Amino acid sequence: MRVVEKRQLLSAEEIGRTLQRLAHEIVEKSGGTKDLALIGVRRRGVPLSQRLAAIIKTAAGVSVPVGTLDITLYRDDLSTVAQQPVVHSNEIDFPVDDRDIVLIDDVLYTGRTVRAAMNGLFDLGRPRRIRLCVLVDRGHRELPVEASFIGRLVETSDTEIVEVRLQEIDGEERVMLVDRVS
Amino acid sequence: MLQRLEHLLGIEPLTREQITFILDQAAPFQEFQRHPLKKLATLRGKTVALAFFEASTRTRISFATATSRLGADQMNLQAEASSLKKGESLIDTVRTLEAMRPDGIVMRHSSSGAAAFVAQRLEIPVLNAGDGTHEHPTQALLDALTIRDRRGNLDGLNVTILGDILHSRVARSNIHLLSKFGAQITLCGPAMWVPAEFEGLAPNVRRVLRIEDALEGADVIVVLRVQTERINEPALAAEEYILRYQLTSERLRLAKSDALMLHPGPMIRGLEIDPVVADGPQSCVLEQVTNGLAVRMALLYHLVGGAPADAPHPADASSSANSAKGTSNAAD
């Protein structure tokens, strides 16, 4: 099986503009930033959450707390892998109790990552509200999960993969649609 | 790429990279111990057999807690209540346990090599929780994690191990582990408990009989428990041990000013250690206990968590491909 790049979904510039819009939407629809906190899901949700917080800081003048969540221990497919995925630490240095939390991830697909992330959050406390913000929603849900803030809605087939490449992790900045061909 | 561990039988066969990997994997579980809700479902549906053929309190409780915090169930076998008393052989006992289909076995036994013996004969991962005077690998790993946390790294330490080295599996595992990271190791205690042969156990191990000499320049001091059943032999009176080998605050000053004091427990205050030292700022004993949970959770997660390498799998090829796809955007 080979993987071929089919087309670019978002350029660096479009990612930047999309994040601007998402940051403004988050502030607008949160009724104030008092209890707001962003939590990035490892890995690519992490730089996205930091960028969103920076935009909110510039636009609204408030520093929204940002945390990092690792969902490895909450995955539902561990019993099907021979080698266990590596676990990382959460980095959430504020209490999540009564917070208005926005989970940040790069791609919303089956919804299983979001389910795992919510379970992880509940182990840390009881947020007042959890919403989800994704850069790309590519459909094919396997769980009743939807995002409150969506950067780009993309129709995909189930052999395709949405690859978000971010400067901080991948050394380049764009979103690609790739396909697996046998 | 890290070579996959099938069992944890001892520190000696592990590479430095494998040890570092285990310690790195313990770090998220250290953070986990501070969660308000200390219960995961990660190993839900798995069963861990805790087979303690030799009395144990802290290691057994630590493994049991690690098991339940990961969401796995336990099968408990304890020496006092086991059919060993009725004359059953070790292999029959563990095969009986295995027939109840646990996904891993944590085992302590008074015979050196017992864990390796069982590992050769069972299909499931074996975690050595202490075998005779051979090794106690999880203790050495939790000690290393504690040292690494306090100092930032494990490299090039001067380590002094005090007490009954000869009978100590903790000492052996610590010597193997720390010497892989370039430690200079000094063993100190009554001559009958510190045989010269130990100098050949690993590179840079030396034997020093005067505690004052042994402590000079130490970065880490591991104080071993003096097993009272041994000290009551006429060969060495407790008073003499205290006089010559107790770690007192005066003696601790001979080590580096920021030297760490570790003790595998249970501590006997006033015998091998002065209570002032046991409760002092250089003492790491309670961190060791908490770190023990983290190390054991990490090991259980990696050794017991995966699907058996060769066993037929509940998910067929197509559904496992589907599930891999399901997380392809989440997994990196």
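Conventions used here
- Residues numbered from 1 in each chain as written.
- Chains lettered and ligands numbered in written order.
- Predicted model: local features only at pLDDT ≥ 70, side-chain atom pairs only at ≥ 80, totals over all residues.
- Helix = DSSP H or I, 4+ residues; strand = E, 2+ residues; numbered from the N terminus.
- Buried ≥ 20, exposed ≤ 12 C-beta atoms within 10 Å, placed from the backbone.
- Contact = placed C-beta atoms within 7 Å.
- Pairing = 2+ DSSP bridges.
- Axes fitted to C-alpha atoms, helices over the stretch in contact; angles between N-to-C directions.
- Core = buried A, V, L, I, M, F, W, Y, C linked by C-beta atoms within 7 Å.
- Domains from an automatic or database assignment.
- Left-handed = near helix turned anticlockwise from the far one by under 90°.
- Nonpolar A, V, L, I, M, F, W, Y, C, P; charged D, E, K, R; others polar.

Broken down by element type, chain B carries 13 helices and nine strands. Per-residue burial for chain B yields a buried fraction of 44% across its 332 residues. In chain B, 73% of the contacts between residues at least 6 apart in sequence involve partners at least 24 apart.

Take the sheet that holds strand β5 (residues 129–137) of chain A next. Residue and element names in this part refer to chain A. Taken together, the five strands give an open sheet; going across it, the order is β3-β2-β4-β5-β6, and neighbouring strands pair in parallel fashion. Edge positions in the sheet fall to β3 (66–69) and β6 (149–153), since each has one partner strand and no second. On average, each strand axis in the sheet is inclined to that of its neighbour by 25°, with strand direction left out of account. Bridge count for strand β2 (residues 36–41) against β3 is four bridges, and the pairing is parallel. Note that in β3 the partner of L38 across the bridge is V66. Sheet contacts for helix α1 (residues 12–28): β4 (100–108), β5 and β6; angle to β6, the most-contacted strand, approximately 155°.

The next subject is the nonpolar core. Within the largest apolar cluster, 136 residues are counted, with the highest numbers of intra-cluster contacts made by L103 of chain A together with A51, I105, V220, I221 and L300 of chain B. Element by element, the count of residues in this core is highest for helix α12 (residues 285–305) of chain B, at ten residues. Residue-level mapping places this core at the junction of two domains, with at least three residues from each of domain 1 (16–135 + 288–308) and domain 2 (137–284) of chain B. Every residue in contact with A51 of chain B, bar those within four places of it in the chain, is listed here: L77, V94, L97, I105, V106 and M107 of chain B.

Next up on the list: the packing of helix α5 (residues 137–151) of chain B against α12 of chain B. All names here are of chain B. At their nearest, the axes of α5 and α12 sit 8 Å apart, and the two run at 115° to each other. The interaxial crossing formed by α5 with α12 has right-handed handedness. Residues T138, L141, L142, D143, L145 and T146 of α5 form the contact with α12, whose participating residues are E287, Q288, N291, G292, A294, V295, R296 and L299. Among the residues making up the contact of α5 with α12, the classes are represented as six nonpolar, five polar and three charged.

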